[in-house]
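As a plain string of letters, each chain reads:
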Amino acid sequence: GGSLLLAPDLTSVVETAKTLKVLHLHDVCLQGAPELCKDFEKALSAHSALKEFDMKDCMTANASVDLEAVVAAGKKSSCGGGVDPAVITPGAATAGTA
């Protein structure tokens with residue numbers, strides 16, 4: 001199984017890391033009520049610095065959550081621009097460079 005991450009925790013990371021350029025989530029189980037996951041989706045969509053977003057082998061703990069909408073929000077915010085070498089990969093619990 002994947003790493004369990006609460007949607008509000010991810011929302012907090014995205015909202016407070018104003019210079020976050022890259023966010024990769026791999027093998028993550030996103031936990032939270034649909035409205036909490038929607039908050040994460042909105043935070044991704046509103047993030048002005050995010051250039052690259054990726055979710056691979058991820059799932060949700062709540063069948064009512066639209067994971068595709070979360071992915072689409074991250075992809076929308078990451079259109080265009082160059083990529084900063086800082087990478088955060090919560091699912092794998094590692095951080096490194098691209």
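Going by the structure above, here's the rest.
Each value, and the rule that gives it
Residues numbered from 1 in each chain as written. Predicted model: local features only at pLDDT ≥ 70, side-chain atom pairs only at ≥ 80, totals over all residues. Heavy atoms only, no water. Pairing = 2+ DSSP bridges. Helix = DSSP H or I, 4+ residues; strand = E, 2+ residues; numbered from the N terminus. Core = buried A, V, L, I, M, F, W, Y, C linked by side-chain atoms within 4.5 Å. Buried < 20%, exposed > 50% of the residue type's maximum accessible area, 1.4 Å probe, protein only. Contact = heavy atoms within 4.5 Å. Arc of directions from axis to C-beta.

Bringing the sheet that holds strand β1 (residues 3-6) into the picture now. Taken together, the 3 strands give an open sheet; going across it, the order is β1-β3-β5, and neighbouring strands pair in parallel fashion. Either end of the sheet is taken by a strand with one partner, and the two such strands are β1 and β5 (59-60). Sheet topology places β1 next to strand β3 (residues 28-31); 4 bridges connect them, and they run parallel. Looking at β3, one finds that serine 3 is bridged to valine 28.

What tends to happen in soluble globular proteins is that the nonpolar side chains get buried as a cluster. Core analysis: the biggest nonpolar cluster contains 22 residues, and Leu23, Leu25, Leu30, Phe40, Leu44, Phe53 and Met55 have the highest contact counts within it. Those elements giving two or more residues to this core turn out to be α1 (7-16), β2 (22-26), β3, α2 (34-46), β4 (52-56) and α3 (67-77). Residue contacts for methionine 55: discarding those within four places in its chain leaves Leu25, Leu67, Val70 and Val71.

Bridging between β3 and β5 involves 2 bridges; their strand directions are parallel. Its bridge partner being in β5, cysteine 29 is matched across the sheet by methionine 59.

One non-glycine residue, aspartate 27, lies in positive phi territory at about 55°. The topology assignment puts aspartate 27 in the loop between β2 and β3. The backbone of aspartate 57 sits at a positive phi, close to 55°, despite the residue not being glycine.

A separate point is α1. All of the buried residues in α1 are Ala7, Leu10, Thr11 and Val14. For α1, the arc enclosing every buried residue in end-on projection is 105°, short of the 170-degree limit, so these residues lie on one face.

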